[in-house]
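# Observations on the three-dimensional arrangement
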Amino acid sequence: MRLRFATIASSSGGNCVYIGTENTNILIDAGLSGKRVEDGLAQLELTGKDIDAIFVTHEHSDHADGIGILSRRYDIPVYATEGTWDNMPSKVGEIRPRNRRTVYADENCIFNDLCIHPFEIPHDAAEPVGYSIIGEKHKITVATDMGHITETVKENIKGSSVLLLESNHDVDMLKKGPYSYTLKQRILSDTGHLSNNVAGSFLSRIADSRLKYVFLGHLSKENNTPRLAFDTVKDIVSESGAEIGGDFDMWVAAPYGVKRSIEL
Ligand SMILES: [Zn+2]
Ligand SMILES: [Zn+2]
């Protein structure tokens, strides 16, 4: 069984992750226009018709905006928690009742040849989840939009071969940047977003033998740069004795477009 992973979009402006096998193709989030998701899929030699399901992490528009249009256009089932369904932005529009499916944190959802495991994340949305996607031999985890790393998040990341981890902002850039005091406090809070520093120290502690590929994602356009995120995390990880390129490879996910796809 082949497990394939790619980010189609990853930033505070829009998120969409592709995961697939020979038989199944799913998206985690579609927080950008249907057209842009289709363009990303084309880079993977796929179309909307190939997508079997969309799993949504939470209702924020950078994760949910495109799910309605894609679900209606290609008759795709959409999976989300009850709290997420109750708070979907109006832009999502109608989704056919048969395509409205519910997932529950900590309950496996068996979908064709994949096992999808949603887990609770600390974020200021109604009922947000991260997802682990478990294939025959490998596990891929998508963990972004977290104010801090809880025991639950740690437990679920454990054993992953591929990890998409939030590295949202540089704390100094955020503090000195143009955002309002309230927004800065929101981002820095326990239910906001993960900084480069926190991502780095977490990675330096979890380097386990299974972890092969790390993507830093959900970078803020205003309060981070790809280079800064990469270097900050790399420095922290190196200080701990782990080695990027040795223990695991690491890249910054592109804000938009498929720059790299991983096959396991
Ligand atoms: Zn987000
Ligand atoms: Zn969010």
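Residues numbered from 1 in each chain as written. Chains lettered and ligands numbered in written order. Predicted model: local features only at pLDDT ≥ 70, side-chain atom pairs only at ≥ 80, totals over all residues. Heavy atoms only, no water.

A few words on the coordination of the zinc ion (ligand 2). At this site the zinc ion (ligand 2) is bound by His58 (NE2), His60 (ND1), His123 (NE2) and Asp145 (OD), with donor distances of 2.2 to 2.6 Å. Between the zinc ion (ligand 2) and the zinc ion (ligand 1) the interatomic distance comes to 3.4 Å, and Asp145 is a ligand of both metals. Look at His58 and you get buried, because its relative accessible area is 0%. (Donors = N, O, S within 2.8 Å, 3.2 Å for Na, K, Ca; no water. Buried < 20%, exposed > 50% of the residue type's maximum accessible area, 1.4 Å probe, protein only.)

A few words on the side chain of His138. Position of His138 relative to the elements: it lies in the loop between strand E9 (129–134) and strand E10 (139–143). A polar side-chain atom of His138 sits 2.7 Å from a polar atom in the side chain of Ser161. The residues touching His138, leaving out its near neighbours within four places in the chain, are Leu3, Ile133, Ser161, Arg210, Lys212 and Leu264. (Helix = DSSP H or I, 4+ residues; strand = E, 2+ residues; numbered from the N terminus. Polar contact = N/O pair within 3.5 Å; in protein donor to acceptor, adjacent residues only side chain to side chain. Contact = heavy atoms within 4.5 Å.)

Turning to the coordination of the zinc ion (ligand 1), a few remarks are in order. Geometry sets the ideal angles at a metal, namely 109.5 degrees for four tetrahedral donors and 90 or 180 degrees for six octahedral donors. Every protein donor of the zinc ion (ligand 1) is listed here as Asp62 (OD), His63 (NE2), Asp145 (OD) and His218 (NE2), and their distances to the metal cover 2.1 to 2.2 Å. What the four donor atoms of the zinc ion (ligand 1) show is an angle range of 90 to 170° at the metal, which sorts the shape as irregular. The sequence motif formed by the donor residues of the zinc ion (ligand 1) is D-H-x81-D-x72-H. (Tetrahedral: all angles 85-135°; square planar, octahedral: opposite > 155°, others 65-115°.)

Attention shifts here to helix H3 (residues 67–74). Taken together, the buried positions of H3 are occupied by Ile67, Gly68, Leu70 and Ser71. In this structure, the buried residues of H3 make contact with strand E3 (25–28), helix H1 (34–43), strand E4 (53–55), helix H2 (61–64) and strand E5 (78–80). One or two positions beyond H3, positive phi appears at Asp75, with a value near 55°.

So, about helix H8 (residues 196–206). Residues of H8 that are buried include every one of Asn196, Ala199, Gly200, Phe202, Leu203, Ser204 and Ile206, and no others. Buried residues along H8 sit in contact with helix H5 (151–157), strand E11 (162–166), strand E12 (213–217), helix H9 (226–239) and strand E13 (249–252).

By the definition in use, this model includes seven aromatic pairs. Pairing Phe55 with Tyr79 gives two aromatic rings, centres 4.5 Å apart and planes at 15°, and the pair type is stacked. Pair noted here: Phe55 is in strand E4 and Tyr79 is in strand E5, with a separation of 24 residues, a long-range link. Classification of Tyr79 as buried rests on a relative accessible area of 8%. Taking 5.2 Å as the distance between ring centres and 40° as the angle between the ring planes, the aromatic pair formed by Phe215 and Trp251 counts as tilted. A residue pair is termed long-range when its members are at least 10 positions apart, and Phe215 in strand E12 and Trp251 in strand E13 qualify at 36 residues. Side by side, Phe215 and Trp251 carry an identical accessibility label, which is buried. An aromatic cluster of three or more residues is present, and its members are Phe5, Tyr213, Phe215 and Trp251. (Phe/Tyr/Trp six-rings, centres within 6.5 Å; stacked < 30°, edge-to-face > 60°.)

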